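Breakdown of the fold
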Amino acid sequence: MVNKLLQRNSNVAKGQDVHIGLSNYAYEPSTSLVSINALPPKFSAAYKFGHFNRMQSQCFAPLYESDENVVVCAPTASGKTVLMEIAIYRLFNSPESAATKRAVYLAPLKSLCAEKATEWNANLRQAGLTCVDISGTDNIESVSVQQLCNASIICATPEKWISLTRKASNRDVLSSLSLMLIDECHMVGSSRGAMLELAVLSTKRQNMQLRIIAVSATIKNLDDVAEWLSSGDISANGSLLKPAQTLVFGDEFRSTPLSKIVIGYESQYAYYRFQRNLDYKLPGIINAHCSTSTLGVGVNLPAGAIIVKGTKGYFESGYEEHSSTDILQFIGRAGRPQFGASGKAIILTEQAQVSFYRNLVSGQETLESRLQVTFLGARLTKNLSYYGLVATKQADKLALCQDIVQMQVDRLLSAKLLGFNDRNLQATDIGSCVARYQVDPLAMAALLSNLPKAPTYKAVFEALCKCSEFNVLRISMGQKGMLNNMNKAPWLRLRLKSRVDSVEDKIFILIQASSRVYGLERKPPPSSKYSSGLANDISKALLTAYGPIMCIRDAYAQLQDSKGVTFATALSREIASRCREDGPAIFQQIDGIGQRYAETLWMRGIRSISDLCSTTTREIEHQLNRNPPFGTKILTSANSMPQAEATMDMHWIDNNSVVFTIRISYKSSNVGASLDSKKGSEAFTLIAYTSDDILLKYEVFNLSGTSAYYEVQIGLCNPRPNTLAILEVAPERYVLKKEI
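Residues numbered from 1 in each chain as written. Predicted model: local features only at pLDDT ≥ 70, side-chain atom pairs only at ≥ 80, totals over all residues. Heavy atoms only, no water.

1. Let's talk about the pairing of strand β20 (residues 707-717)
Rules: Burial classification: accessible surface area is computed with a 1.4 Å probe over protein chains only, and a residue below 20% of its type maximum counts as buried, one above 50% as exposed, and the rest as partly exposed. Secondary structure elements follow DSSP: runs of H or I no shorter than four residues count as helices, runs of E no shorter than two count as strands, and numbering proceeds from the N terminus. For two strands to be treated as a pair, DSSP must find no fewer than two bridges joining them.
With burial as the criterion, only one face of β20 is covered, namely that bearing Ala708, Tyr710, Val712, Ile714 and Leu716; the residues Ser707, Tyr709, Glu711, Gln713, Gly715 and Cys717 on the opposite face remain uncovered. As paired elements, strand β17 (residues 657-667) and β20 share 11 bridges and run antiparallel to each other. Counterpart to Ser657 in the pairing with β20 is Cys717.

2. Considerations on the sheet that holds strand β16 (residues 643-652)
How we decide: Throughout, an axis means a line fitted to C-alpha atoms (over the contacting stretch in the case of helices), and angles, computed between N-to-C directions, take values from 0 to 180 degrees.
Spatially, 3 strands are ordered β16-β17-β20 in an open sheet, and the strand pairing comes out antiparallel. Unpaired on one side and paired on the other, β16 and β20 mark the two borders of the sheet. Put simply, the sheet's adjacent strands are angled 15° from each other on average, direction ignored. Summarising the sheet, β16 and β17 pair through 10 bridges and their orientation is antiparallel. Residue Glu645 lies in a different strand from β17, and its bridge partner there is Ser665.

3. Thoughts on the packing of aromatic side chains
Put simply, the rule reads: The criterion for an aromatic pair is that two Phe, Tyr or Trp rings (for Trp, the six-membered ring) have centres within 6.5 Å, with stacked assigned to planes under 30 degrees apart, edge-to-face to planes over 60 apart and tilted to the rest. Geometrically, a lysine NZ or arginine CZ counts as sitting over a ring once it is within 6 Å of the ring centre and also within 35 degrees of the ring normal.
For the structure on display, the rule yields 16 aromatic pairs. Measuring from centroid to centroid gives 4.4 Å for Phe701 and Tyr710, while their planes differ by 5°, and the two rings are stacked. The ring of Phe253 carries the charged tip of Arg54 above its face, separated from the ring centre by 4.5 Å. In this structure, Arg626 packs its charged tip against the face of Phe630, placed 4.1 Å from the ring centre.

4. What about a nonpolar patch on the surface?
Definition in use: Patch definition: residues above 30% relative accessible area lacking any salt bridge, with like charges linked at up to 9 Å and the nonpolar side chains Val, Leu, Ile, Met, Phe, Trp and Tyr linked at up to 5 Å. Per-residue accessibility takes into account occlusion by the displayed protein chains alone, with areas from the Shrake-Rupley method and a 1.4 Å probe. Salt bridges are defined as contacts in which a side-chain nitrogen from Lys or Arg sits within 4 Å of a carboxyl oxygen from Asp or Glu.
Judged by side-chain polarity, Tyr272, Tyr314 and Tyr319 come together as a nonpolar surface patch covering roughly 300 Å² of accessible area. Position of Tyr314 among the secondary structure elements: in strand β11 (residues 312-315). A relative accessible area of 36% places Tyr314 in the partly exposed class.

5. Considering the pattern of salt bridges
Scanning the entire structure with this criterion turns up 15 salt bridges. Here Lys309 ties to Asp279 by a salt bridge, and the two come within 2.6 Å at their closest N and O atoms. Linking Lys309 in strand β10 (residues 305-309) with Asp279 in helix α13 (residues 271-289), this pair joins segments that are 30 residues apart in sequence. With a relative accessible area of 37%, Asp279 lands in the partly exposed category. Measuring nitrogen to oxygen at the nearest pair gives 3.9 Å for the salt bridge that ties Asp692 to Arg720. With Asp692 in the loop between β18 (681-690) and β19 (695-704) and Arg720 in the loop between β20 and β21 (725-731), the pair connects residues that are 28 residues apart, well separated along the chain. On the accessibility criterion, Arg720 (59% relative accessible area) is exposed. The structure contains a network of salt bridges with shared partners spanning Asp649, Arg663 and Glu711.

Dropping the structure here:
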């Protein structure tokens with residue numbers, strides 16, 4: 001049945017666009033649709049319908065009956081998810097393939113990854129397939145090899161996938177990868193497109209036999225995308241590569257017809273005033289164009305009509321146009337059968353942008369490479385000026401690529417992220433640091449090169465707030481007043497000297513305003529319609545702060561700055577645990593203790609986890625007015641927290657040299673509660689320094705099991721008279737307020 005349909009397009013060579021529309025063939029429901037029974041019963045049981053739709057039926061043979069790379073362009077709500085599932089069924093058709101092969105699904109949004117993982121775990125479990133989502137993992141190091149080995153499908157954003165491919169321990173997993181599914185492939189032309197290009201390149205280099213299936217909205221230069229996603233050895237001559245087969249479907253394949261309208265208005269004032277003026281245009285637009293009042297945007301949020309009121313958002317340096325991917329996501333929500341026989345998507349923008357958005361919604365926008373590699377090979381000679389090259393230069397791809405690489409290397413060299421060692425180019429200490437924690441390399445390099453020496457806690461905190469990673473958390477409408485009130489709160493440890501005026505000022509307050517950083521006199525931010533947005537920003541700020549503060553800590557360690565390392569470590573620990581050591585929130589790290597109980601224990605004179613462990617169960621129950629066995633549960637949880645005992649012995653070798661021997665013992669009464677269940681170990685930080693600020697030793701190490709022992713020796717020459725040696729050992733994820 002499918003082969004008969006494909007014979008109608010037999011004059012089209014593989015690797016070229018196949019434009020499929022109502023005008024291409026006569027639609028015959030009885031003969032054009034592929035039955036679900038074409039799949040094995042273990043896969044067909046996942047569907048409640050009897051036939052694939054028209055678009056899915058046309059794609060069935062290329063996806064299920066071959067191993068070629070395929071790129072499909074189709075409108076939203078046409079059933080593209082099923083196309084990726086058909087490719088999955090092809091991969092796992094044999095019983096042994098489920099144990100030896102794997103697939104990866106890449107999408108630009110965490111919500112898309114989570115949605116697909118949940119859906120596929122529910123629908124494919126009876127076929128013996130499992131899915132793991134790593135897109136929401138804060139620390140990629142916490143993803144164990146066992147988790148990946150047990151998964152049939154891995155869902156990830158391009159950024160998370162790149163981090164995963166860099167780990168040497170994941171090579172076995174990557175070698176078994178046979179299928180890559182790329183959702184929203186048109187994101188390659190967005191600001192994050194570079195990460196997608198790098199994800200594809202790094203994966204193909206490790207697995208030349210990888211099959212790639214990409215689905216996308218309609219784009220103009222699909223042949224370039226097909227060339228980029230070619231199959232074959234990418235290290236070989238380009239003539240050996242086979243472009244991906246492309247299938248293009250028009251809007252007539254949507255389940256509900258969608259009208260796309262772009263309306264432009266003159267903009268003579270600041271953009272926020274332009275957006276405000278659009279508010280007065282909405283009633284007339286709704287009356288003229290929309291047959292329903294249901295409006296909505298977002299992932300998996302269907303609506304009868306969508307109005308995009310203004311195409312700019314406030315980003316790092318002011319108002320900027322939303323990415324093409326975002327706009328297509330917005331308008332793609334419009335038009336669903338439950339809301340009527342047709343849908344409408346209306347874009348309100350500035351007059352100068354009308355032509356661009358009309359090309360975008362009609363699929364006439366040309367994608368350009370962001371990475372300057374891989375996809376560049378398909379676009380470079382067609383638009384030299386876009387990539388910063390002289391248009392008169394001879395259009396030799398290899399030479400042009402070398403010029404671009406040299407430009408980027410020069411930038412990294414000037415930023416001291418790269419350097420030469422015996423004529424070999426390699427990453428510097430700062431370069432390795434920014435790569436390890438995946439932060440903006442050039443911005444972070446500039447910040448780290450200007451870190452204050454022998455800083456105070458406040459200086460380290462201020463340096464963290466300057467990181468460019470926080471620029472996405474702009475000051476929204478109504479937040480300045482709330483932030484200024486929070487700056488006056490008695491529980492704030494550090495205060496701004498002036499009113500809130502920048503993202504840096506906002507982050508300065510938000511990181512201190514974690515729900516568990518408040519002191520006894522805590523007062524929550526004043527309630528208003530903007531409170532929920534500020535609460536979300538607090539969570540985002542804490543999640544974002546992890547990478548930058550670890551970079552700052554490692555940079556101070558490379559500088560042998562003991563104060564910088566000590567304060568950066570303390571700050572990183574407070575961010576990870578969302579509490580500080582001089583407040584009752586330290587007890588909220590224990591299961592079963594909330595804010596009220598924590599404050600009660602603090603007021604009764606219990607000021608540390610050690611103090612709590614020394615308290616009897618009856619005393620805990622009496623102070624908190626609880627019945628047995630509550631006290632036993634609290635003590636069990638408190639004792640299971642990772643705590644280490646450390647000693648430091650000093651041995652003089654001669655009159656000028658001394659050796660310190662550090663011994664660390666670790667015991668856990670409850671491995672499941674205290675250890676990271678994904679890694680089976682607990683990370684500890686060791687900092688040894690002298691009273692005159694000489695850093696003796698800085699190390700992060702793991703201890704595992706119910707008990708462990710660690711020993712290290714360090715030397716010091718020519719110590720000053722009356723110098724003290726100080727040792728700090730503490731877990732990375734907890735604030736225990738215990739000096740060793």
